[in-house]
Amino acid sequence: MSPVKVVAHRGASFAHPPGNTIAAFADAESLGADWVELDVHATADGVVVVHHDPTFADGRFIGDLAENELPDWVPSLEVVLDICHPLGVNVEIKTDNRPETLAPLIENVVSMLQRRNGSEFLISSFDFETLAQCRHLAPEIPTGFLVLAFDEVTMTATKEAGHVAINPWDALVTGELVAVAHDIGLAVNVWTVDDPARMSELQQFGVDSIITNKPDLCRSVLSS
């Protein structure tokens with residue numbers, strides 16, 4: 001059984017809430033992460049930035065703002081990728097972008113990852129069409145389907161679409177379903193897990209990655 005990878009959700013987000021910041025990504029490796037997970041949006045001037053929601057607390061939409069109008073704590077994906085290297089990076093393309101910003105966001109993310117040979121990436125999304133566009137543009141970049149329905153039908157469709165991973169919500173995951181996914185040929189990356197007993201259980205199930213806000217805790221549990 002391969003070792004379970006520790007994926008820092010939005011970087012070391014528990015140590016640097018709410019995550020998706022320079023500090024959170026800079027600390028991920030020292031806190032035991034193998035990979036980081038992050039969320040991306042596009043600004044009005046086409047810059048890919050790392051932020052969970054499409055809007056800020058004051059209601060401003062990222063797609064309406066130029067990069068220089070963003071708060072200082074919102075980093076660009078380019079900067080974050082530099083900070084995270086050599087860790088793997090799971091880039092979630094958010095599905096709550098406007099249609100006019102989503103297509104260029106996909107293109108810019110794919111192009112940026114293609115230029116970084118030698119790094120490990122996974123593009124993930126809840127949207128099947130978004131992943132299909134990524135695969136059309138760059139079939140060499142692995143893709144994973146984020147799901148709230150973890151069953152054999154969904155897994156089979158995910159594999160047939162050419163994706164390498166299925167990323168289910170933790171509450172859906174059982175040992176039996178992990179075995180089915182592996183039989184189909186999919187990696188299983190579970191989100192978001194901060195309970196040590198559950199981390200240990202998922203390790204016994206043989207999941208491929210645990211996405212967590214507490215990479216140091218997860219590393220300790222998996223190593224015990």
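Please refer to the structure placed before this passage.
Residues numbered from 1 in each chain as written. Predicted model: local features only at pLDDT ≥ 70, side-chain atom pairs only at ≥ 80, totals over all residues. Heavy atoms only, no water.

**Q** Would you take a moment to explain the pattern of salt bridges for this structure?
**A** In a structure, side chains of opposite charge can pair up when their charged atoms sit close to one another. In this structure the tally under the stated criterion is 10 salt bridges. Measuring nitrogen to oxygen at the nearest pair gives 3.5 Å for the salt bridge that ties E78 to R115. Of the two residues, E78 is situated in helix 2 (residues 77–84) and R115 in the loop between helix 3 (99–114) and strand 5 (121–125); the sequence distance between them amounts to 37 residues. When its relative accessible area of 32% is taken as the criterion, E78 is described as partly exposed. One salt bridge in this structure joins R198 and D170, with 2.6 Å as the shortest N-O distance. Of this pair, R198 sits in helix 7 (residues 196–205) while D170 is found in the loop between strand 7 (165–168) and helix 6 (175–184), placing the two residues 28 residues apart along the sequence. The exposure classification of R198 matches that of D170, with both residues buried. Via salt bridges that share partners, R10, D39, E92 and K94 belong to a single interconnected network. (Salt bridge = Lys/Arg side-chain N within 4 Å of Asp/Glu carboxyl O. Helix = DSSP H or I, 4+ residues; strand = E, 2+ residues; numbered from the N terminus. Buried < 20%, exposed > 50% of the residue type's maximum accessible area, 1.4 Å probe, protein only.)

**Q** Just checking my understanding: could you explain the side chain of R116 for this structure?
**A** Assignment of secondary structure puts R116 in the loop between helix 3 and strand 5. Looking at R116, its side chain comes within polar contact range of the side chain of E78, at 2.8 Å. A polar contact is formed between the side chain of R116 and the side chain of D82, at a distance of 2.8 Å. (Polar contact = N/O pair within 3.5 Å; in protein donor to acceptor, adjacent residues only side chain to side chain.)

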